Amino acid sequence: MIYLSQMVGNPVYDLEGEQIGRVNDLGIATGEVFPRVTSLAIVGPGKTPFMISWRKYVDTFNESEVRLRVIKTDIRFSYLQPNEVLIARDLLDKQIVDTRGMRVVRVNDLKFSDTSSSQLRLLGAEVGARGILRTLSPHLETIALKLAKTFGKSLPERIIAWNYMDLLDRDLSDVKLSVSHKTLDDMHPADIADIIERLDPRLRGQVFAQLDDEQAADAMAEIDEDKAAEIMGDLDERSASRMLSEMDPDDAAELVSELDYDKAEKLLALMGIKEQKAVRQLLGYREDTAGRIMTSEFLSLPEDATVADAVEAMRRLDEDFETIRYLYVEDEEGLVTGAISLNDLIVATDGTHLKDLASDELITAGPDDDQEDVAEGIAKYNLLAMPVVDDKGKMLGVVTVDDALDVMEEEHAEDLQIAGAPRSDTGDRPRDLFIIVVRNLWFPFWIAGIVACIALFGKSFGTPAALASAAVLPAALILADAAASYATNFFLEYNSDDEDSPSIAGFFLKGIAIGLLFGLVLIITSGLLLPALHLPHELAILGDAVGHSFAAGAGTVIASFALSLVWLLILRHRDNKNKETSGLALSVAALTAALIIFLALINLCGVGITG
């Protein structure tokens, strides 16, 4: 999400990185439900204003700058079109009046959906206090949010969606609220879903209610399951049931599985018998299997049928039938024996028998096969769909390439989380600071370790024990984090049931070997460092502290790599329970264990006495 207040005043750079001015305003075409930004108004050197086409010239943008895809000499100015408005000039600080004239509010900021790196859509007007604070200073908004949270209150946004606003006249002295969704027909369901996901939850259901059943079903299939379940809960049961009936069975089953039992049963009971049966059959399979993500809509014909028969069968299909990628061929017992691509079907003559066109190399999956294995199979063999068959070879459904892509995207996101990648939805936290802390997680543990050393070995940081411990501890912590990464990488690369997967014993012994190697490096470093310091007799206590600290560090490293087996077993156990594991949480656990081990070893080595 990005706001007008965050865009205005930002520098604008050309392709060569030369600043040509600053953002002064943004232009939109008012004919769309959620209009795209079409023009960029810039204030150049000498406060000279000019306007350029957003689509033609803007390459990337963010909350701090706008970059163009051409050099400044290739820029051609444009002018505001009759259906365009400048939102800062024409909308900001303007009144919004509801249809009954009962309530008047003021536009304090404008909210955009950054659906791509180069496209902006206007979502609506911010009419609450947060818009005022953000316009004055983003820091004021942050402070206000924290204060409200401290007192157990919330400071929600007050967004009025653009699709509820209608321009009364060209000078925009007023904006009147209306409910007009006629141009939603021009948008792709994925675009509608993207807009709805970014709207305030209180507005999602209202916008969804304006779509017809087919549009609503197509858009709902594109929305994240959790948010789709929220929207479904806001709709009346009959509307929600009609929407489910319009959805493909696999999408409907996925959505129903996110609802609570009572709600799901009520909606299923209101569906048609045919649609209800298809959804219930899919819900009968375990989660994350081919049976759960397959669609039961496919086209199959006997082997002795002809191309003409196949074409006629396709013509008789309902308009909302799942997109056909292949025609499947069955023998006399109803078992699938081959598949025919639409390309082969089109070029064949009408009288050709299907068994003569069908491919003998049919790649299939079982209903209990892991969904990730099926997705990888579709990618490996370049398939548009993979048939799912029972033990006898009878077709149950097909997993389509779009479902496979969803699975791979979901698995990729889970792998990133396990690997410790920060989430993109970091809320109100300063994102850059959050990423820095995550990538250098050992640092706060080092600070905590210094405090603990001071508490254990003396009040002054200058005591030999505390000083030596503070010097060695970062190496021990960084290597402890590396041990957690060692377990994480092994988990991501090898499945526990893979025949080619190295054994647990091999993993453990390799980890111990790595730990011993790094520990030996620390011991050797200590042995080389002490003679090089040439410490006089009166500072021998410092030499003892350094030696003990390096020994404790070496022991901590060895113990950390031994613990990598524990982290691996935890990852596999939670994976078997279909539970997600955060790489960040795993790193925190590894660093906590390392710090405790280090302090314990320091105490055993007697550094506290020398201090």
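Residues numbered from 1 in each chain as written. Predicted model: local features only at pLDDT ≥ 70, side-chain atom pairs only at ≥ 80, totals over all residues. Heavy atoms only, no water.

1. Some points on the pairing of strand 12 (residues 121-126)
For a regular strand, the rule is simple: side chains alternate between the two faces of the sheet. In terms of burial, strand 12 is largely enclosed, as six of its six residues are buried. Across five bridges, the pairing between strand 11 (residues 109-113) and strand 12 is antiparallel. Each residue of the ladder has a partner; that of Asp109, found in strand 12, is Glu126. (Buried < 20%, exposed > 50% of the residue type's maximum accessible area, 1.4 Å probe, protein only. Helix = DSSP H or I, 4+ residues; strand = E, 2+ residues; numbered from the N terminus. Pairing = 2+ DSSP bridges.)

2. Remarks on the packing of helix 11 (residues 249-256) against helix 13 (residues 273-283)
Across the interface, helix 11 lies against helix 13 with an axial gap of 9 Å and an inter-helix angle of 65°. Remark: the crossing between helix 11 and helix 13 carries right-handed chirality. In this structure, helix 11 uses Pro249, Asp250, Ala252, Ala253 and Val256 to contact helix 13, whose residues at the interface are Ala278, Val279, Leu282 and Leu283. Here the residues of the contact of helix 11 with helix 13 are counted per class, giving eight nonpolar, no polar and one charged. (Axes fitted to C-alpha atoms, helices over the stretch in contact; angles between N-to-C directions. Left-handed = near helix turned anticlockwise from the far one by under 90°. Contact = heavy atoms within 4.5 Å. Nonpolar A, V, L, I, M, F, W, Y, C, P; charged D, E, K, R; others polar.)

3. Thoughts on the nonpolar core
Phe208, Met220, Met232, Met243, Leu244, Tyr328 and Val399 are the most contacted members of the largest nonpolar core, which totals 51 residues. Once residues lying within four places of it in the same chain are set aside, the contact partners of Met232 are Met220, Ala240, Met243, Leu244, Leu255, Leu259, Lys263 and Leu267. Ile75, Val85, Ala88 and Ile160 belong to the second largest nonpolar core, which has 34 residues in total. (Core = buried A, V, L, I, M, F, W, Y, C linked by side-chain atoms within 4.5 Å.)

4. Examining the confidence of the model for the protein
Mean pLDDT over the protein stands at 79; residues scoring 70 or higher make up 79%. For residues 168-174, every residue scores under 50 in pLDDT, and the model assigns this stretch 15 contacts once sequence neighbours within four places are set aside. (pLDDT = per-residue confidence, 0-100.)

5. Points about the pairing of strand 19 (residues 385-389)
Of all five residues making up strand 19, five are buried, and the element is well covered by its neighbours. Residue alternation in strand 19 divides its side chains into two sets, Ala385, Pro387 and Val389 and Met386 and Val388, and both sets are buried. The pairing of strand 19 with strand 20 (residues 395-400) spans five bridges and is classified as antiparallel. In the strand pairing of strand 20, Val388 is matched with Gly397.

6. Focus on the pattern of salt bridges
Evaluated as defined, the whole model comprises 13 salt bridges. In this structure, Asp109 and Arg134 form a salt bridge, with 2.9 Å as the shortest nitrogen-oxygen distance. Separated by 25 residues along the polypeptide, Asp109 in strand 11 and Arg134 in helix 4 (residues 129-136) bring together distant segments of the chain. Per residue, the accessibility class of Asp109 equals that of Arg134, and both read buried. The salt bridge partner of Asp402 is Arg325, with a shortest N-O separation of 3.7 Å. (Salt bridge = Lys/Arg side-chain N within 4 Å of Asp/Glu carboxyl O.)

7. Describing a nonpolar patch on the surface
Together, Ile132, Leu136, Leu140, Ile143, Leu147 and Phe151 give the surface a local cluster of nonpolar side chains, amounting to about 630 Å² of exposed area. Taken together, the elements giving at least two residues each to the nonpolar patch come down to helix 4 and helix 5 (138-150). At three residues, helix 5 tops the list of elements feeding residues into the nonpolar patch. Following the sequence through the fold, Phe151 ends up in the loop between helix 5 and strand 13 (159-161). Given the relative accessible area of 65%, Phe151 is considered exposed. (Patch = residues over 30% accessible without salt bridge, like charges linked within 9 Å, V, L, I, M, F, W, Y side chains within 5 Å. Areas by Shrake-Rupley, 256 points an atom, 1.4 Å probe, with all protein chains shown as cover.)

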